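What follows is the residue order along each chain.
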Amino acid sequence: MSTIISPSVLAADFANLERDVKLLNQSKAEWIHIDIMDGVFVPNISFGLPVMKAIHKHAEKPLDVHLMIVNPDQYVEDFKNAGAEILTVHYEACTHLHRTLQLIKSHGMKTGVALNPHTPIDVLSEVINEIDVVLIMSVNPGFGGQKFIDSAVTKVAKLKKLITNHDADTLIEVDGGVNTTTGAELVKAGADALVAGSFVFKSDDPVKTIEDLNNL
Ligand code: DX5
Ligand code: ZN
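Since the structure is predicted, the reported quantities are computational estimates derived from the model, not experimental observations.

*Asks:* Teacher, can you tell me more about the coordination of the zinc ion (ligand 2) here?
*Replies:* Distances from the zinc ion (ligand 2) to its protein donors, namely His 33 (NE2), Asp 35 (OD), His 66 (ND1) and Asp 175 (OD), fall within the range 2.0 to 2.3 Å. Classification of the site at the zinc ion (ligand 2) as octahedral follows from its six donor atoms and the range of 70 to 169° in their angles at the metal. Mapping the donors of the zinc ion (ligand 2) onto the primary sequence yields the spacing H-x1-D-x30-H-x108-D. Linking His 66 in strand β3 (residues 63–68) with Asp 175 in strand β7 (residues 171–175), this pair joins segments that are 109 residues apart in sequence. Of the two residues, His 66 and Asp 175, neither departs from the other in class, the shared state being buried.

Structure representation (structure tokens):
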């Protein structure tokens, strides 16, 4: 079975977004990963709704939106209108996670929950059946191009068990420092989907790099 690849546009050339999104359309990427950072939840600001709408105009694949923002409930409808198909919020940013997940569903999107490297898997045990995708962070969110944190691999294996024990059909996605080496370990541990930014866009042949990841 092939791995779902969700290349992160954060590492694309922002001056040539149309070109880079079209490149992803031609590739074996299944989703397109959109990193939204607010400068509060994470110490960096990426881009917001108008840029995401511009990406959506050219994208022929589902937008997999990773919100690194506080108060995500406030913007759920806006992200739906901007073209999100999967809307991922951070566990650490949601006091009432169950309510947030219902809100995302009520807007017809798939639900995602991201966990920072220090957050244990077990915090999701009571809501796992409400989650379509769990995003395991293998770097501290905020920047592309960081080093992979190895403990993500054991977290994937633990999450896989949790999902099986709850008879859930949740997908496991991993984000940060993914390349063919770390990606292979993650897939072996049970990851269904991999996000890759720099490894894809800094390579000589991004389409081929996506294919290599897809074959893991
Ligand atoms: C980090 C973002 C990632 C980032 C990954 O906060 O959530 O999606 O783009 O970048 P790489 O693949 O370069 O680690
Ligand atoms: Zn991300």
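*Asks:* Looking at this structure, how should I read unusual backbone geometry?
*Replies:* Glycine aside, negative phi is the norm for most residues, and most peptide bonds take the trans geometry. The phi angle at Asn 71 is positive, at roughly 50°, despite the residue not being glycine. Tracing the backbone shows Asn 71 in the loop between β3 and α3 (76–81). A residue is classified by how much of its surface remains accessible, and Asn 71, at 48% relative accessible area, is partly exposed. The phi torsion at Asp 167 lies on the positive side, around 55°, for a residue other than glycine. Mapped onto the fold, Asp 167 is located in the loop between α5 (151–165) and β7. Look at Asp 167 and you get exposed, because its relative accessible area is 72%.

*Asks:* How should I be thinking about the site of ligand 1 in this particular structure?
*Replies:* Taken together, 20 residues lie near ligand 1, and Asp 35, Gly 142, Asp 175, Gly 197 and Ser 198 sit nearest. Within the side chain of His 33, one N or O atom sits 3.4 Å away from an oxygen atom of ligand 1. Residue Gly 197 places a main-chain N or O atom 2.7 Å away from an oxygen atom belonging to ligand 1. Protein chains shield 98% of the accessible area of ligand 1, which is 380 Å² for the free molecule. Mapped onto the shell around ligand 1, the elements with two or more residues apiece are β2 (32–37), β3 and β8 (193–196). By residue number, the principal contributor to the shell around ligand 1 is β2, which donates three residues.

About the criteria used
Residues numbered from 1 in each chain as written. Chains lettered and ligands numbered in written order. Predicted model: local features only at pLDDT ≥ 70, side-chain atom pairs only at ≥ 80, totals over all residues. Heavy atoms only, no water. Donors = N, O, S within 2.8 Å, 3.2 Å for Na, K, Ca; no water. Tetrahedral: all angles 85-135°; square planar, octahedral: opposite > 155°, others 65-115°. Helix = DSSP H or I, 4+ residues; strand = E, 2+ residues; numbered from the N terminus. Buried < 20%, exposed > 50% of the residue type's maximum accessible area, 1.4 Å probe, protein only. Near = heavy atom within 4 Å. Polar contact = N/O pair within 3.5 Å; in protein donor to acceptor, adjacent residues only side chain to side chain. Areas by Shrake-Rupley, 256 points an atom, 1.4 Å probe, with all protein chains shown as cover.

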